[in-house]
Amino acid sequence: MDLGLIASLILNVAFLIVIFGQYKEINVLREENQKSLPNENNDELIAVASEKLKSLGDIKTIKYLREEKGMSMLDAKQLVDTIKE
């Protein structure tokens with residue numbers, strides 16, 4: 001086997017180990033974030049998001065939900081899309 005191929009394989013395995021470790025850390029941080037956020041009723045969240053959607057528009061409402069409510073980009077986008085329907 002070529003020395004370059006072996007080095008490449010070793011680097012790929014090392015990168016996969018780092019990526020897996022970061023993935024686990026992100027999940028732990030998400031769980032901690034959910035515990036630290038105030039438990040808000042879904043109806044209240046939908047009402048606030050609807051109000052913001054009417055006054056700010058899609059993108060700024062998603063940004064508001066991410067910054068103020070601690071939602072992920074995907075969750076905020078799905079909520080806005082659901083409200084718009």
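Residues numbered from 1 in each chain as written. Predicted model: local features only at pLDDT ≥ 70, side-chain atom pairs only at ≥ 80, totals over all residues. Heavy atoms only, no water.

## As for the overall build of the protein chain
Threshold: Strands here mean DSSP runs of E at least two residues long; helices mean DSSP runs of H or I at least four residues long; both are numbered from the N terminus. C-alpha atoms define the radius of gyration in this analysis, and the globule rule sets the expected value at 2.2 Å times the number of residues to the power 0.38. Burial classification: accessible surface area is computed with a 1.4 Å probe over protein chains only, and a residue below 20% of its type maximum counts as buried, one above 50% as exposed, and the rest as partly exposed. Whether two residues are in contact is decided by their heavy atoms: any pair within 4.5 Å suffices. The Shrake-Rupley method, run with a 1.4 Å probe, gives the accessible areas here. Residue values count only the displayed protein chains as cover. Charged residues are defined narrowly, with Lys and Arg counted positive, Asp and Glu counted negative, and His plus the chain ends left uncounted. To locate a charge, take NZ of a lysine, CZ of an arginine, CG of an aspartate or CD of a glutamate.
The number of helices and strands found in the protein chain is 4 helices and 0 strands. Along the protein chain, helices (α) and strands (β) appear in the sequence α-α-α-α when read from the amino end. In terms of overall dimensions, the protein chain is more spread out than a globule: its C-alpha atoms have a radius of gyration of 20 Å, far above the 12 Å expected for 85 residues. The dimensions of the protein chain, computed from C-alpha atoms along their principal axes, are 65 × 25 × 20 Å. Looking at the 85 residues of the protein chain, the share that counts as buried comes to 13%. Within the protein chain, counting contacts between residues at least 6 apart in sequence, those at least 24 apart form 43% of the total. Carbon and sulfur atoms provide 59% of the accessible area of the protein chain, an area that totals close to 7,100 Å². Measuring between centres, the 11 positive side-chain charges of the protein chain sit 4 Å from its 14 negative side-chain charges.

## Quick word on helix H3 (residues 58–69)
Stated precisely, the cut-off is as follows: One less than the residue count of a helix, multiplied by 1.5 Å, gives the span that helix is expected to have. The arc in question is the one spanned by the directions pointing from the helix axis to the C-beta atoms.
For H3, spanning 12 residues, the distance from its first C-alpha to its last is 16 Å, which sits close to the expected 16 Å at 1.5 Å a residue. Along H3, the residues that are buried comprise Thr 61, Ile 62 and Leu 65. What you see down the axis of H3 is that its buried residues fit within an arc of 100 degrees, all on one side. Exposed and oriented more than 90 degrees from the buried face of H3 are Ile 59, Lys 60, Glu 67 and Glu 68. Residues of H3 that are buried sit in contact with helix H2 (42–56) and helix H4 (73–84). Looking one or two places after H3, you find Gly 70, whose phi comes out positive at around 75 degrees.

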